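# Analysis of the macromolecular model
Each chain, written out:
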Amino acid sequence: MYMTNDPQSAAASVESASEREATLEAWLRARGRVAVGYSGGVDSAYLAVLARRTLGPDGVIAIIGRSASYPAEQWATARRVADDFGLPVLELDTDELSDPRYAANPANRCYFCKNELWGRLVPAAWARGFGTVVDGTNADDLSDHRPGAQAAREHAVASPLADVGFTKPEIRERSRLLGLPTWQQPSSPCLSSRLPYGTGVTAARLQQVERAERAIRELGLTGDLRVRYHDELARIELPHEQLADWLAPERSAALQAAVAGAGFTRVALDLRGFRSGSLNVLHGVVA
Amino acid sequence: MSAMFASAADADARRKAERLAAALTNAGTPCGVEPRGTLAVLKASPEIVARLAEPEIRRAVLAAARAEGFTHVAVELA
């Protein structure tokens, strides 16, 4: 689903990804001890586990920043991967919602979140003797609207996946070869990404979105899913191939009931289907 | 002053929604259209809702909405 179907380009991609992995391992060895900003997503899980394999258990620490915008399901995945791969973990509480500049939900909201995250995580890493702090930004991310990247730079956080040119499909493939369960995991950005810019971010709204997404998953939906918050209305984005199934009367009634149970009085299914960064399009941040 | 601008924007959004609703009706998929900024929320009978997922109809609806300046189209579930 996430990989190319062209065997020739797939082979080329695997070959270059293998070379990139060797480059990345050399980069890690040159640093000696590395702290990874770790969410349990595809990219940071790969980077953390590769660092663990390259540097050993004393050479890496995976640091999780926990806050209201971090999905509980993703936290569970992060812990499971850490347990399975012997990854030392440190958890820190972060509180971006208490920053009014973040809570107002401007288009550069991610900057304030990452500023809070790295402002706590980097000193914690340094205090434990980890002089290098890295994140899971990949080469594909560089072309996206990512104001959080500026905060990473300001806190001296490196992005070695992006620096060696790793793309998302390549990271998925290398993750599969490492035996990581995250290799085919859908992307899971923070819950605040479900709120249109300008709609205030509150813990209650984030929990409402999370409850709605969990309820839909419990109906058996797999793959990418977003519940976009529009006040009383939930706009659901699913893979467009699944629209016909979920617009049929019986299943649409189940979907409506599930999301209504999370506190939305109106439920609508997006006709285009899932789009990463959909709310950036809604607000003209990207085309 | 700002209320006047808001009112003009509302009137513009309503006109776009009305034109989209007319286009969808003419195409054989009658829907009400509620404008919410650049999001169009479609309201239709369960039979029409089910048909909106058919690839050709879906593409035509998305194109008609885009022509009226809507970046997103969502079908309300009753």
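## Regarding the overall build of chain A
Looking only at helices and strands, chain A has twelve helices and seven strands in total. Since a compact globule built from 287 residues should have a radius of gyration of about 19 Å, the 19 Å found for chain A is in line with a globular shape. Considered along the principal axes of its C-alpha atoms, chain A spans approximately 55 × 50 × 35 Å.

## Re the overall build of chain B
Secondary structure assignment for chain B yields three helices and three strands. Taken from the N to the C terminus, the helices and strands of chain B come in the order α-β-β-α-α-β. Within chain B, the fraction of its 78 residues that count as buried is 35%. Within chain B, contacts between residues separated by at least 24 positions form 46% of all contacts whose residues are at least 6 apart in sequence.

## Points about the pairing of strand E7 (residues 266–270) of chain A
Within E7(A), four of the five residues are buried, which leaves it mostly tucked inside the rest of the structure. Pairing analysis gives four bridges linking strand E6 (residues 233–237) of chain A to E7(A), with the strands arranged parallel. By the bridge assignment, Leu233(A) is partnered in E7(A) with Arg266(A). Relative to strand E3 (residues 72–77) of chain B, E7(A) is paired through four bridges, and the arrangement is antiparallel. Bridged to Val267(A) within E3(B) is Leu77(B).

## Details of the sheet that holds strand E2 (residues 60–66) of chain A
All names here are of chain A. Overall, parallel pairing links the four strands, which are arranged E3-E2-E1-E4 in an open sheet. Each edge of the sheet is formed by a strand with only one pairing partner; in this case those strands are strand E3 (89–93) and strand E4 (132–134). Strand-to-strand twist of the sheet, defined as the mean angle between neighbouring strand axes without regard to direction, takes the value 25°. One ladder, built from four bridges, connects strand E1 (residues 34–37) with E2; its direction is parallel. Along E2, the bridge assignment pairs glycine 37 with isoleucine 63.

## A few points about the domain arrangement of chain A
Residue and element names in this part refer to chain A. What the domain assignment lists for chain A is domain 1 (7–184) and domain 2 (191–282). Here the C-alpha centroids of domain 1 and domain 2 sit 27 Å apart. At the junction of the two partners, domain 1 supplies 14 residues and domain 2 supplies 13 residues. In terms of residue class, the side of domain 1 that touches domain 2 is made up of nine nonpolar, three polar and two charged.

## Structural notes on the environment of Gln256(A)
Within the element layout of this structure, Gln256(A) appears in helix H11 (residues 249–260). Among the residues examined, Gln256(A) registers 20 C-beta atoms within 10 Å and is labelled buried. Residues Gln256(A) and Ile216(A), 40 residues apart in the sequence, show an inter-C-alpha distance of 9.3 Å. When residues no more than four places from it in sequence are discounted, the contact partners of Gln256(A) are Val267(A) and Leu77(B).

## Looking at the packing of helix H9 (residues 203–218) of chain A against H11(A)
The axes of two packed helices give the description: the angle between them and the distance between them. Residues and elements named next belong to chain A. Closest axis-to-axis distance for the H9/H11 pair is 8 Å, and the angle between their directions is 145°. Note that H9 runs across H11; the crossing there is right-handed. Packed against H9, whose contacting residues are Ala212, Ala215 and Ile216, the element H11 presents Leu255, Ala258 and Val259 at the interface. For the contact of H9 with H11, the class distribution of residues is six nonpolar, no polar and no charged.

## So, the interface of chain A and chain B
Of the residues lining the interface, 19 residues belong to chain A; the matching set on chain B comes to 19 residues. If you list the elements that add at least two residues to the side of chain A that touches chain B, you get helix H10 (243–247), H11, E7 and helix H12 (278–282) of chain A. Of all the elements, E7(A) adds the most residues to the side of chain A that touches chain B, at five residues.

## Section: unusual backbone geometry
Residue and element names in this part refer to chain A. A positive phi is found at asparagine 105, a non-glycine position, where the angle reads about 60°. One can find asparagine 105 in the loop between helix H4 (100–103) and helix H5 (109–127). For asparagine 105, a count of 18 C-beta atoms within 10 Å corresponds to the partly exposed category. Its identity is not glycine, yet alanine 156 carries a phi of approximately 60°, on the positive side.

## Remarks on the confidence of the model for chain A
When pLDDT is low, close inspection of the predicted coordinates is not appropriate. Taken residue by residue, chain A gives an average pLDDT of 91. The fraction at 70 or more is 91%. Confidence over residues 1–11 of chain A falls short of pLDDT 50; this stretch has eleven contacts with residues more than four positions distant or in other chains.

## Here we look at the nonpolar core
Core analysis: the largest hydrophobic core is formed by 90 residues, its most contacted members being Val36(A), Ala48(A), Ala62(A), Ile63(A), Val259(A), Ala40(B) and Val75(B). When residues of this core are assigned to domains, at least three fall in each of domain 1 (7–184) and domain 2 (191–282) of chain A. Among residues more than four places away in sequence, those in contact with Ala40(B) are Ala17(B), Leu20(B), Val33(B), Pro35(B), Ala65(B), Phe70(B) and Val73(B).

Quick notes on the rules
- Residues numbered from 1 in each chain as written.
- Chains lettered and ligands numbered in written order.
- Predicted model: local features only at pLDDT ≥ 70, side-chain atom pairs only at ≥ 80, totals over all residues.
- Helix = DSSP H or I, 4+ residues; strand = E, 2+ residues; numbered from the N terminus.
- Rg over C-alpha atoms; globule rule 2.2 N^0.38 Å.
- Buried ≥ 20, exposed ≤ 12 C-beta atoms within 10 Å, placed from the backbone.
- Contact = placed C-beta atoms within 7 Å.
- Pairing = 2+ DSSP bridges.
- Axes fitted to C-alpha atoms, helices over the stretch in contact; angles between N-to-C directions.
- Domains from an automatic or database assignment.
- Nonpolar A, V, L, I, M, F, W, Y, C, P; charged D, E, K, R; others polar.
- Left-handed = near helix turned anticlockwise from the far one by under 90°.
- pLDDT = per-residue confidence, 0-100.
- Core = buried A, V, L, I, M, F, W, Y, C linked by C-beta atoms within 7 Å.

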